[in-house]
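# Coordinate analysis (summary)
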Amino acid sequence: VVKQHGLSRATLAMKNWYGVLGGHRARLHQDIHRSVVDLAAMMKPTLTVMDATRILLANGPSGGNLDDVKRLDTVAASTDEVALDAFGASLLGLAPAEVASIALGEQAKLGRADWRSLKVEEIAT
Amino acid sequence: VKLFVWIRRGWQAVFLGLFLFLVAVTTASLVRGYPVEWFLGLDPLVAATSALSAHTLARALLWAVPLVVLTLVFGRFFCGWICPMGVLHHAISWAARARRTTARVAGNRYLRAYRVKYWILLAVLGMAIAGSNQAGLLDPIAFTWRALATSIVPALDGAVGGPYQGLRHFHWSTLVAALFLAALAANLFLPRLYCRVLCPLGALLGLLAQRSLFRLTGDRRACTDCDLCAADCQGAAEPQARLRVSECMLCLNCAASCPSGAFSYRFLPSPDAHEESIDLGRRKAAGAVVAGLAAVPLARASDGVDPRPDPRRIRPPGALPEHRFLERCVKCGACMKVCPTGGLQPALSQAGLEGLWSPILVPRLGYCEQSCTLCGQVCPTGAIRLLSLPEKLGQPPREEPVRVGSAFVDRGRCLPWAMDTPCIVCEEVCPTSPKAVYFKVETVVARDGKERRLERPYVDLERCWGCGICETRCPVFDRAAIRVTSVGESRSPQNRIMLKGGRL
């Protein structure tokens, strides 16, 4: 789910890997972009699905109220997590460069930040 | 008659099972609308102390009224048929009973020490009159609740991996379990020692049963003085002589063991057949009441109630103002058991002597979940009011949420403040909108001389209601770098900082 985030600016596909951690994962926030990318490098998913049916624009990632939610009715899927994050960031009005983990992900050869250069298919239902 | 003994055992099993069921479902995921407060609601001691101290009865406590009426008519059957702690005492004293009948008869003689429970009752009522409800310390329902909720169930859970996510910790609850297990172990020395000597609820029911309309009555003409009736008498009511009505728990063992069938349960039997009086001693009884009355100002001289609160005395949302809270809470621990985060803990010293084992929020262990009002739902006494969610959150037309305390950043321990290191966890988890924890982006010169931009957390006390999730989640491991104290709590007009906000 696409959400605004105070430190990383946006919580998207790669940051989802925080969810597999238990214990004192809060400590990782001291170097959040590096941690997000390191976690993403751990495993290459076959397909990543991003839910942007409703996105949270402010007061995220928890908290916020319904005024901060925008309804997009969009679901995106990609084999490239970095591209998907770049696309997600654009939904929040952020350029890929504004979310540090996207650039770091590209450096780590996890994917491409320029999602428009990929073969994008749009399906309306 | 044997049949009736089996029916009594059946009821005991049913009520113990029901009690354990209601304790077991008192967790956030299972509680639904179960009346988990029912056993304490049935408890006339809790109702009596609540009525004397708070001058009101919470709705759940109205169940005590029919029990009082039934006791006036039928006697002290609650102890022998319903009380879950009584069932445990009964079972253990049965398992540990002496082989020789004469030894059992001797163990069931009435002792003058059995009057102590009446003095305890009077002292507890005295404390209630003085405004402090201490019924829960020795009341068997509250005691059993507390021991199960804060120690025995979590210990079982930790041992076998039960329904909680991980092991729950309740501060110093081993002490509660040790006292509870000691009370059960006392049956090895004397059957039902706790019920006979200490139980203030048994004492209250004994007083009510003193002139009960129905009584077990032995026919002296049929009696052969074999004393078998006293071999298994639960209450030490001496059925072999003149049965002591106030001590009789109606377990019916006397009737079942009488070889000549001399016992019957009679309506308005001749008073000569029974010992009705309880020799409390007028001066001793008055002394007990006075001791109870005096204990409260003494306890308050040590800790006070409202003017000088302990900063750690963070009460659950919906808790009444402290004086009114202490008039009601019986420390049963249901709120602690149902709390989904495990943050509600039994107080040791944080709430004063009177508040021993009453609930306080310890945010380092668990926070107050924004969308949860379960502690008020399960509270039997109304010490924690049941809030509606809009009321708790202060949704319009309300102007204020229910505040339990306020958060403060400890700049000496906070990563961005003290270590020039980024961290945003407190802001990230803050559930209010807009967030009470917010950042100011500040450019600092680090030790290496380089400039660094840091998001440093601040707390907006107009937004913060003290849920404590920032303290729970703060990555500074032992003592968090953001901590909640009770100041700003809605229930107290004194415990305030801000001029604006937090009106009652």
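Computed from a predicted model, the values in this text were never measured in an experiment.

So, how was this worked out
Residues numbered from 1 in each chain as written. Chains lettered and ligands numbered in written order. Predicted model: local features only at pLDDT ≥ 70, side-chain atom pairs only at ≥ 80, totals over all residues. Heavy atoms only, no water. Helix = DSSP H or I, 4+ residues; strand = E, 2+ residues; numbered from the N terminus. Buried < 20%, exposed > 50% of the residue type's maximum accessible area, 1.4 Å probe, protein only. Contact = heavy atoms within 4.5 Å. Areas by Shrake-Rupley, 256 points an atom, 1.4 Å probe, with all protein chains shown as cover. Phe/Tyr/Trp six-rings, centres within 6.5 Å; stacked < 30°, edge-to-face > 60°. Axes fitted to C-alpha atoms, helices over the stretch in contact; angles between N-to-C directions. Parallel < 35°, antiparallel > 145°, perpendicular 65-115°, else oblique. Left-handed = near helix turned anticlockwise from the far one by under 90°. Salt bridge = Lys/Arg side-chain N within 4 Å of Asp/Glu carboxyl O. Polar contact = N/O pair within 3.5 Å; in protein donor to acceptor, adjacent residues only side chain to side chain. Buried area = accessible area lost by both parts, 1.4 Å probe. Nonpolar A, V, L, I, M, F, W, Y, C, P; charged D, E, K, R; others polar.

Our focus in this paragraph is the overall build of chain B. Within chain B, the regular secondary structure consists of 21 helices and 10 strands. Each principal axis of the C-alpha atoms in chain B carries an extent, and together these give about 105 × 45 × 40 Å. Within chain B, the fraction of its 504 residues that count as buried is 56%. Long-range pairs, those at least 24 residues apart, make up 73% of the contacts in chain B with a sequence separation of at least 6. Carbon together with sulfur atoms contributes 62% to the accessible area of chain B, which is approximately 22,100 Å² in total.

In this section: the packing of aromatic side chains. Residue and element names in this part refer to chain B. Within the structure shown, the criterion is met by 17 aromatic pairs over all chains. Ring centres of Trp38 and Trp63 lie 5.6 Å apart, and the angle between their planes is 75°; on these two criteria the pair is classed as edge-to-face. Placement of Trp38 in helix H2 (residues 38-41) and of Trp63 in the loop between helix H3 (44-54) and helix H4 (64-74) is noted, with a sequence separation of 25 residues between them. Residue class for Trp38 comes out buried when judged on its relative accessible area of 18%. Between the aromatic rings of Tyr438 and Tyr458, the centroid separation amounts to 5.8 Å while the plane-to-plane angle is 25°, which identifies the pairing as stacked.

Next up on the list: the packing of helix H9 (residues 140-160) of chain B against helix H10 (residues 173-185) of chain B. Residue and element names in this part refer to chain B. Two elements in contact, H9 and H10, have axes separated by 8 Å at closest approach and are oriented at 130°. Classified by the interaxial angle, the pair formed by H9 and H10 is oblique. Here H9 and H10 pass one another in a crossing that is left-handed. Counting all contacts with H9, which are made through Phe143, Thr144, Arg146, Ala147, Thr150, Ser151 and Ile152, the residues of H10 involved are Ser173, Thr174, Val176, Ala177, Leu179, Phe180 and Ala183.

Right, let's talk about the pattern of salt bridges for a bit. Residues and elements named next belong to chain B. By the definition in use, this model includes 27 salt bridges over all chains. Where Asp420 meets Arg456, a salt bridge forms, and the shortest distance between an N and an O atom there is 3.6 Å. Here Asp420 is found in the loop between helix H19 (415-418) and helix H20 (425-429), whereas its partner Arg456 is found in strand E9 (residues 451-459), with 36 residues between them in sequence. Each of the two residues, Asp420 as well as Arg456, counts as buried. Residue Asp448 is joined to Arg452 by a salt bridge in which the shortest nitrogen-to-oxygen separation is 3.3 Å. In this structure Asp448 comes out as partly exposed when scored by relative accessible area, which is 48%. Of the residues examined, Arg452 reaches a relative accessible area of 32% and is grouped as partly exposed. Each of Arg313, Arg315, Glu322, Glu489 and Arg491 takes part in a single network of salt bridges with overlapping partners.

Residue and element names in this part refer to chain B. Looking at where Thr217 falls in the secondary structure, it is placed in strand E1 (residues 214-218). Relative accessible area serves as the criterion here: at 6%, Thr217 is assigned to the buried category. Within the structure, the side chain of Thr217 is placed 3.2 Å from the backbone oxygen of Arg215, a separation counted as a polar contact. Not counting the four nearest positions on each side in its chain, Thr217 is found in contact with Ala262, Phe263, Ser264, Arg266, Pro269, Ala273 and His274.

Attention shifts here to the interface of chain A and chain B. Residue-level contacts link 17 residues of chain A with 19 residues of chain B. Across the chain A to chain B interface the summed buried area is about 1,300 Å²; carbon plus sulfur atoms make up 55%. Counting every contact that joins chain A to chain B gives one salt bridge. Summed over the shared surface of chain A and chain B, the number is two residue pairs in polar contact (both at pLDDT 80 or more). When its residues are assigned to classes, the side of chain A that touches chain B shows three nonpolar, 11 polar and three charged.

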